[in-house]
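Listed here are the chains, written in short residue letters.
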Amino acid sequence: MKAIILTEQGGVENLIVEEIAIPRPKANEIVVKVYAISINPVDIKTRKGGALYASMKEDRPVILGWDISGIVTAVGSEVQNIKEGDAVFGMVNFPGHGKAYAEYVAAPADHFALKPKNIAHAEAAATTLAALTAWQVLVHEAKVQEGQHLLMHAAAGGVGHYAVQIAKHLGLRVSGTASAANESFLKEIGVDQFIDYTAVDFTAIAKDIDVIFDPIGGETTARSLQVLKQGGTLVSIVGGVKDHLSPAIQEKNLTAKNYLVKSSGPDMEQLASLLEQGILKAHISYQFSFDEMVKAHQQIETGKTRGKVIINVIKD
Ligand SMILES: NC(=O)c1ccc[n+]([C@@H]2O[C@H](COP(=O)([O-])OP(=O)(O)OC[C@H]3O[C@@H](n4cnc5c(N)ncnc54)[C@H](OP(=O)(O)O)[C@@H]3O)[C@@H](O)[C@H]2O)c1
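Residues numbered from 1 in each chain as written. Predicted model: local features only at pLDDT ≥ 70, side-chain atom pairs only at ≥ 80, totals over all residues. Heavy atoms only, no water.

1. So, the environment of Val313
- Locating Val313 in the fold gives a position in the segment after β15 (308-312).
- Separated by 276 residues in sequence, Val313 and Ile37 have C-alpha atoms that sit 7.4 Å apart. (Helix = DSSP H or I, 4+ residues; strand = E, 2+ residues; numbered from the N terminus.)

2. Considering the layout of surface pockets
- In this structure, the largest pocket occupies an estimated 1200 Å³ of space.
- In terms of lining residues, the largest pocket is bounded by 47 residues, among which Pro41, Ala154, Gly157, Gly158 and Pro215 are the most central.
- Counting residues per element, the ones that place at least two in the lining of the largest pocket are α1 (41-47), α4 (129-141), α5 (158-169), β9 (173-178), α8 (219-227), α11 (293-301) and β15.
- The element best represented in the lining of the largest pocket is α1, accounting for 4 residues.
- A per-class count over the lining of the largest pocket returns 27 nonpolar, 13 polar and 7 charged.
- In this model, the second largest pocket occupies a volume close to 300 Å³.
- Along the wall of the second largest pocket there are 18 residues; nearest its centre are Pro23, His97, Gly98, Lys99 and Ala106.
- Here the lining of the second largest pocket gets 3 residues from one element, more than from any other, and that element is strand β6 (residues 104-108). (1 Å grid on protein atoms, 1.4 Å probe; cavity = no way out; pocket = protein on both sides within 12 Å on 5 of 7 lines; lining within 4 Å. Points joined across faces, edges and corners; volume = space filled by probe spheres on them. Nonpolar A, V, L, I, M, F, W, Y, C, P; charged D, E, K, R; others polar.)

3. Some remarks on the pairing of strand β14 (residues 284-289)
- Summarising the sheet, β14 and β15 pair through 5 bridges and their orientation is parallel. Bridge pairing links Phe288 to Ile311 in β15.
- As a crossover connection, the stretch from β14 through α11 into β15 is right-handed. (Pairing = 2+ DSSP bridges. Right-handed = clockwise from strand over helix to strand, strands pointing away.)

4. Here we look at the site of the ligand
- In the vicinity of the ligand, 25 residues are found, and the nearest of them are Lys45, Ser179, Tyr197, Tyr259 and Val261.
- Contacts to the ligand include Val159, whose backbone N or O atom sits 3.0 Å from an oxygen atom.
- Residue Tyr197 places a side-chain N or O atom 2.5 Å away from an oxygen atom belonging to the ligand.
- Protein chains shield 86% of the accessible area of the ligand, which is 940 Å² for the free molecule.
- Because more than half of its atoms lie within 2 Å of the grid, the ligand is assigned to the largest pocket.
- Breaking the shell around the ligand down by element, the ones donating at least two residues are α1, α4, α5 and β9.
- Taken together, the residues of the shell around the ligand break down into 14 nonpolar, 9 polar and 2 charged. (Near = heavy atom within 4 Å. Polar contact = N/O pair within 3.5 Å; in protein donor to acceptor, adjacent residues only side chain to side chain. Areas by Shrake-Rupley, 256 points an atom, 1.4 Å probe, with all protein chains shown as cover. Sits in = over half its atoms within 2 Å of the grid points.)

5. Some thoughts on the pattern of salt bridges
- Under the defined criterion, the tally for this structure stands at 12 salt bridges.
- Taking the shortest distance from any N to any O, the salt bridge between Glu301 and Arg47 comes out at 3.0 Å. A residue pair is termed long-range when its members are at least 10 positions apart, and Glu301 in helix α11 and Arg47 in helix α1 qualify at 254 residues.
- We classify Glu301 as partly exposed; its relative accessible area is 38%.
- A salt bridge links Glu292 to Lys295, with the nearest nitrogen and oxygen atoms 3.3 Å apart.
- One salt-bridge network, in which partners are shared between bridges, spans Arg47, Lys48 and Glu301. (Salt bridge = Lys/Arg side-chain N within 4 Å of Asp/Glu carboxyl O. Buried < 20%, exposed > 50% of the residue type's maximum accessible area, 1.4 Å probe, protein only.)

6. Things to note about α5
- Counted at 1.5 Å a residue, the expected span for α5 with its 12 residues is 16 Å, and the 17 Å between its end C-alpha atoms agrees.
- Most of α5 is tucked away, with 10 of its 12 residues classed as buried.
- In the segment just after α5, Gly171 is the residue with positive phi, at about 90 degrees. (Expected span 1.5 Å × (residues − 1).)

7. What about the sheet that holds strand β11 (residues 209-214)?
- Spatially, the 6 strands line up as an open sheet ordered β10-β9-β8-β11-β12-β13, and their pairing is parallel. The outermost strands of the open sheet, each flanked by one partner alone, are β10 (193-196) and β13 (255-258). Sheet twist, expressed as the average angle between the axes of neighbouring strands with direction ignored, equals 15 degrees.
- Bridging between strand β8 (residues 149-152) and β9 involves 4 bridges; their strand directions are parallel. Paired with Leu151 across the two strands is Ser175, which belongs to β9. (Axes fitted to C-alpha atoms, helices over the stretch in contact; angles between N-to-C directions.)

8. Overview of the packing of aromatic side chains
- Using the criterion set out here, one finds 2 aromatic pairs in the structure.
- Considering the side-chain rings of Trp66 and Phe94, the 5.4 Å spacing of their centres and the 85 degrees angle between planes classify their relative orientation as edge-to-face. Of the two residues, Trp66 sits in the loop between α2 (53-56) and β4 (67-75) while Phe94 sits in the loop between β5 (87-91) and β6, which places them 28 residues apart along the sequence.
- In this structure Trp66 comes out as buried when scored by relative accessible area, which is 0%.
- With a centroid separation of 6.2 Å and an interplanar angle of 0 degrees, the aromatic rings of Tyr286 and Phe288 are classed as stacked.
- When its relative accessible area of 13% is taken as the criterion, Phe288 is described as buried. (Phe/Tyr/Trp six-rings, centres within 6.5 Å; stacked < 30°, edge-to-face > 60°.)

Given below as structure tokens:
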């Protein structure tokens, strides 16, 4: 099979297509013939030697990628709920060595959900790491409640556009930050209050916020604490909660934490149900072929992607 190997940490020139053996499933694993892969900022950070690279580099060949949708071609001896021929999607082995930039991927069966029949592989592959992050942060970490006010930074991005849709579905009021080019997109997906972070200071507009979802970090995290209600919650997915913020956090009795998404079949099933019902939609702004992985990385590196970037391995 073809796989894209990362020869060593560095630039996109280190992503090389090679022929390697199709993986075999361990007892708890399935093998998936990949139709679509989604690309995330963590792929780029890891390619450059950050994020998960240190934990993957000894396990050669290093193959990036965690998000796939495809058809099951082999099933391990202990797997019960998934069979050969099923269409599945999931974020595999995260945080770990996903090896998803390949025509076939072996991964634990309990990292997947069955793909709804009315959803194409590209949309399913898109609704994995970014959507799981949105779901796990809002539902498990912030434990959001109907009627609360959410401030979603980077609301037009991969994580942001899913978080907005999930929060609206759960009955929250949503303020979202993006540049002016994304105003109509954010209104379409349900943002109640659009904040152009390039033109105004969000702290002057967003008030009495119950929950802040932070994919930006640095000064944005620090200033976000000012607009949270007493007892409010901030979850950062970029390590924005640092020790020097403790006095501000304690003064308002806030809950502020950093979070890293984890593979989860049960959470994938929640996303599958929302997709099937049309409550959650993937916005895919760029689709590339397997041989165009470099272009996909370059697009994510702009930091301006609206929604998701997908690689079609097999067009369905
Ligand atoms: N810890 C975890 O588990 C976890 C999981 C997923 C992602 N992450 C991290 O979270 C970050 C976001 O991921 P993603 O997939 O959503 O990235 P992405 O899709 O590449 O995000 C791009 C979006 O960010 C917006 N943006 C850039 N700078 C902004 C700013 N200062 N204020 C508001 N919006 C801004 C852009 O909107 P404009 O074009 O309008 O500026 C664009 O739509 C990445 O660093 C990623 O590695 C962490």
